[in-house]
Amino acid sequence: MKIEKLSTKEEITWCPGCSNNGILQASKEAIVGLVNKNKIKAKDVTIVTGVGCSPKIFDYVNVNGFYGLHGRVLPVCLGIKNGNPKLTVIGFAGDGGTYAEGIAHFIHACRYNANFTMIVHNNQVFSLTTGQATPTSEKGFVDGSTPLGIKEKPLNPIVLALESGASFVARGYALDVPHLKNLIKQAIAHKGFAFVDVLQPCLIFHNTTPYFQKNIYKLDKSHDISDLERALQKAKEWDYCFDKDTKIPIGIFYKKRKPTFEEQWPQLKKPWYNIKREIDWERIIEKFK
Ligand SMILES: Cc1ncc(C[n+]2csc(CCOP(=O)(O)OP(=O)(O)O)c2C)c(N)n1
């Protein structure tokens, strides 16, 4: 399969130079790579998105999918996965949708460990609605709706995911496409809930690029991804603020094979989703006439 097969005719409406393009490219390369290695089938890839700048990614990838509500990507992913466990389900959403409106879903998705992937475009701001603070905006962040600056410490989604029981926790950087592609490939290949928080500077409302370019470093083989305590230590190295020069690790923090949601529910083990139903459309339509 060639990567061009995943392109659509939709015009890209992100701002010119938007770092969401990095996530788009990395995701397409990851999908193509897995398809060409027979790890997944292109026809089974199912994207779930919500509302925001980042969710537009679904318009630009030629696979099946579902546009849901803002903040509700995770329950839709879970529903689709349970409805047809053969599908390769990938959720995409912003930090606002995931860590504000959707925060309860996030914690429970980590606990449930259903076999799908969640990629968060974390620009630490509500971009589509022009720059309001989200739970990952840094302390002191000023915008039109918080002119006195945010007083709270930001939420650290990597720590939250680890503490909530997620079995694959990673952080990527939208401007390092080869590294991000590799993370997304491993996330999709992981059996269980795979979470990737992608640092994605918003050029207009939260341009953190210079800080990231200076401070990001990659976790290497010396980091033991099976050690939860070590993963938590690494996750706490950076607090999502920009007041001091802190090094920011990217890569896989933690990975562990745990029983998935589907594996533990007896009713989901039977291949009931394969049953061919004879649907009498004419009779159904007749009812609505
Ligand atoms: C339940 C609900 N709350 C709020 C909104 C308004 N809304 C639409 S997009 C958006 C911002 C999206 O921000 P984020 O999820 O961080 O994604 P980004 O645009 O930054 O990629 C908001 C607040 C909505 N549509 N639905």
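Quick note: structure is the one above.
A quick note: this is a predicted structure, and the numbers were derived from the prediction, not measured.

Rules used in this analysis
Residues numbered from 1 in each chain as written. Predicted model: local features only at pLDDT ≥ 70, side-chain atom pairs only at ≥ 80, totals over all residues. Buried ≥ 20, exposed ≤ 12 C-beta atoms within 10 Å, placed from the backbone. Helix = DSSP H or I, 4+ residues; strand = E, 2+ residues; numbered from the N terminus. Pairing = 2+ DSSP bridges. Right-handed = clockwise from strand over helix to strand, strands pointing away. Axes fitted to C-alpha atoms, helices over the stretch in contact; angles between N-to-C directions. Contact = placed C-beta atoms within 7 Å. Near = placed C-beta within 6 Å. Nonpolar A, V, L, I, M, F, W, Y, C, P; charged D, E, K, R; others polar.

A. Inspection of the pairing of strand β6 (residues 194–199) at higher detail. Of all six residues making up β6, six are buried, and the element is well covered by its neighbours. Going residue by residue along β6, you find A194, V196 and V198 tucked away on one face and F195, D197 and L199 tucked away on the opposite face as well. Direction of pairing for strand β4 (residues 117–122) relative to β6: parallel, over a ladder of six bridges. Paired with I119 across the bridge in β6 is V196. Sheet topology places strand β5 (residues 168–173) next to β6; six bridges connect them, and they run parallel. Among the inter-strand pairings, F168 is bridged to a residue of β6, identified as A194. Remark: the β5/helix α6 (residues 177–189)/β6 crossover connection has right-handed handedness.

B. Representation of the pairing of strand β8 (residues 248–255). Both β5 and β8 contribute to a ladder of four bridges, which runs antiparallel. Paired with A170 across the strands is I252, a residue of β8. Relative to β8, strand β7 (residues 216–218) is paired through three bridges, and the arrangement is parallel. Pairing of K218 across the sheet is with I250, part of β8. In this view, the connection linking β7 to its parallel neighbour β8 by way of helix α8 (residues 228–235) has right-handed handedness.

C. A look at the sheet that holds β4. Spatially, eight strands are ordered β2-β1-β3-β4-β6-β5-β8-β7 in an open sheet, and the strand pairing comes out mixed. The two strands at the open ends of the sheet, each matched to only one other strand, are β2 (64–67) and β7. Going across the sheet, the axis of each strand differs from the next one's by a mean of 20 degrees, ignoring polarity. Relative to the sheet, α6 contacts β3 (88–94), β4, β5, β6, β7 and β8, its axis offset from that of β5 by approximately 160 degrees. Lying over the sheet, α8 contacts β5 and β8, oriented at roughly 160 degrees with respect to β8.

D. Here's a closer look at the site of the ligand. The environment of the ligand is made up of 20 residues, and the closest members are G52, S54, G94, G96 and S127. Elements supplying a minimum of two residues to the shell around the ligand: β3 and α3 (95–101). The element best represented in the shell around the ligand is α3, accounting for four residues. Looking at side-chain class alone, the shell around the ligand contains six nonpolar, twelve polar and two charged residues.

E. Just the environment of T246, in detail. If you trace the backbone, T246 turns up in the loop between α8 and β8. Once residues lying within four places of it in the same chain are set aside, the contact partners of T246 are N215, E237 and W238.

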